[in-house]
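What the coordinates show
Now for the letters of each chain:
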Amino acid sequence: MIEQPAYTGFGFSDEEWGLLVGLPQSVLAAAAAAESDGTRRTMAENAAGLETIAAGRESASPLVAAVAGEVVSRVGDPEIGAELPVITPDDPQAMIDDVLARAGQASALLAGKIDEGQAGAYRHWLVEIAEQVVGAASTGGILGLGGDVVSDSERRFRDRLAHVLND
């Protein structure tokens, strides 16, 4: 007997599962790219985002727990020192627009495939990832002092994501 992939239990195809599993890390990268903060601050944002993704493994939502487990198995567990590379996109706005479009696709997919509780938990988790990333490092200030905890561009990304996901 051939063992079925975990995502088939949720009723997703391989392509649909790829969208759902790829989106948390994409949200993290887009939230970090919303404001050019420098390498040190972006590393702090990446760490906060990866920790939030990994924490999803403990979610009461089986979907969030399964997606988080899959992401961590691919990129590494922050509890054992895994870090994400700092990605500086050539066109941050194009990256953000792409992530928001894929978030909309995922939201529509979830609405048609699973119950609202599971869909809502996944959507809320994505917004929480963005929230943790944008709040992880201050922007502006001098020598790390002062500045805004969340810049206008970071707030705008987080709010647009929440709007697209209806969260």
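Just above sits the structure.
Scope of this entry: the structure provided in the associated data block. (Residues numbered from 1 in each chain as written. Predicted model: local features only at pLDDT ≥ 70, side-chain atom pairs only at ≥ 80, totals over all residues. Heavy atoms only, no water.)

1. As for the packing of aromatic side chains
According to the stated counting rule, one finds four aromatic pairs in the structure shown. In textbook terms, an aromatic cluster arises when at least three aromatic residues are bridged by ring pairs, as seen for Phe 10, Phe 12 and Trp 17. (Phe/Tyr/Trp six-rings, centres within 6.5 Å; stacked < 30°, edge-to-face > 60°.)

2. Re the pattern of salt bridges
If charged atoms from side chains of opposite charge come close, those side chains can pair. All told, the structure shown has ten salt bridges when counted by the stated rule. The partner of Lys 113 in a salt bridge is Glu 16, with the nearest N and O atoms 3.2 Å apart. Taken together, the residues Lys 113 in helix H4 (residues 92-113) and Glu 16 in helix H1 (residues 14-33) connect sequence positions 97 residues apart. One salt bridge connects Asp 97 with Arg 160, and the closest N-O pair in it is separated by 3.4 Å. (Salt bridge = Lys/Arg side-chain N within 4 Å of Asp/Glu carboxyl O. Helix = DSSP H or I, 4+ residues; strand = E, 2+ residues; numbered from the N terminus.)

3. Focus on the packing of H4 against helix H6 (residues 152-165)
Relative to each other, H4 and H6 sit at 25°, their axes nearing to 8 Å. Overall, the two elements H4 and H6 adopt an arrangement that is roughly parallel. Crossing geometry of H4 relative to H6 is assigned as right-handed. From H4, Gln 93, Ile 96, Asp 97, Val 99, Leu 100, Ala 103, Gly 104 and Ser 107 reach across to H6, where they touch Phe 157, Arg 160, Leu 161, Val 164 and Leu 165. In the contact of H4 with H6, the residues fall into eight nonpolar, three polar and two charged. (Axes fitted to C-alpha atoms, helices over the stretch in contact; angles between N-to-C directions. Parallel < 35°, antiparallel > 145°, perpendicular 65-115°, else oblique. Left-handed = near helix turned anticlockwise from the far one by under 90°. Contact = heavy atoms within 4.5 Å. Nonpolar A, V, L, I, M, F, W, Y, C, P; charged D, E, K, R; others polar.)

4. Points about the environment of Ala 103
Mapped onto the elements of the fold, Ala 103 is located in helix H4. Taking the C-alpha atoms as reference points, Ala 103 and Pro 24, 79 residues apart in sequence, are found 9.5 Å from one another. Apart from the residues lying within four places of it in its own chain, the contact partners of Ala 103 are Leu 23, Leu 161, Val 164 and Leu 165.

5. What about the environment of Tyr 122?
The topology assignment puts Tyr 122 in helix H5 (residues 116-134). We classify Tyr 122 as buried; its relative accessible area is 1%. C-alpha separation for the pair Tyr 122 and Gly 56, spaced 66 residues apart in sequence, amounts to 9.3 Å. With residues near it in sequence (within four places) discarded, Tyr 122 still touches Leu 19, Leu 20, Leu 23, Pro 24, Leu 63, Val 64, Val 67 and Leu 110. A polar side-chain atom of Tyr 122 sits 2.6 Å from the main-chain carbonyl oxygen of Leu 20. (Buried < 20%, exposed > 50% of the residue type's maximum accessible area, 1.4 Å probe, protein only. Polar contact = N/O pair within 3.5 Å; in protein donor to acceptor, adjacent residues only side chain to side chain.)

6. Notes on the nonpolar core
Of all hydrophobic cores here, the largest spans 43 residues; its most connected members are Phe 12, Leu 20, Val 27, Val 67, Tyr 122, Phe 157 and Leu 161. When neighbours within four sequence positions are excluded, Leu 20 is seen to be in contact with Phe 12, Val 67, Ala 106, Leu 109, Leu 110 and Tyr 122. (Core = buried A, V, L, I, M, F, W, Y, C linked by side-chain atoms within 4.5 Å.)

7. Describing H5
An α-helical segment advances 3.6 residues per turn. Residues three or four places apart therefore align on the same side. Here H5 spans 27 Å end to end across 19 residues, near enough to the 27 Å set by a 1.5 Å rise per residue. Taken together, the buried positions of H5 are occupied by Gln 118, Ala 119, Gly 120, Tyr 122, Arg 123, Trp 125, Leu 126, Val 127, Ile 129, Ala 130, Val 133 and Val 134. For H5, the secondary structure elements touched by its buried residues are H1, helix H2 (39-55), helix H3 (62-75), H4 and H6. Where H5 starts, the residue carrying a side-chain oxygen 2.9 Å from the main-chain nitrogen of Gly 117 turns out to be Asp 115. (Expected span 1.5 Å × (residues − 1).)

8. Let's talk about the side chain of Ser 61
By secondary structure assignment, the location of Ser 61 is in the loop between H2 and H3. Accessibility expressed as a relative area gives 6% for Ser 61, which makes it buried. Only 2.8 Å separates the side chain of Ser 61 from the side chain of Gln 118, close enough to count as a polar contact. Once residues within four sequence positions are removed from consideration, Ser 61 is found in contact with Gln 118 and Ala 121.

9. Notes on H2
Taking 1.5 Å per residue as the helical rise, H2 with its 17 residues ought to reach 24 Å, and the 24 Å between its terminal C-alpha atoms agrees with that figure. Among all positions in H2, only Arg 41, Thr 42, Glu 45, Asn 46, Ala 48, Gly 49, Leu 50, Thr 52, Ile 53 and Ala 54 are buried. Those residues of H2 that are buried lie in contact with H1, H3, H5 and H6.

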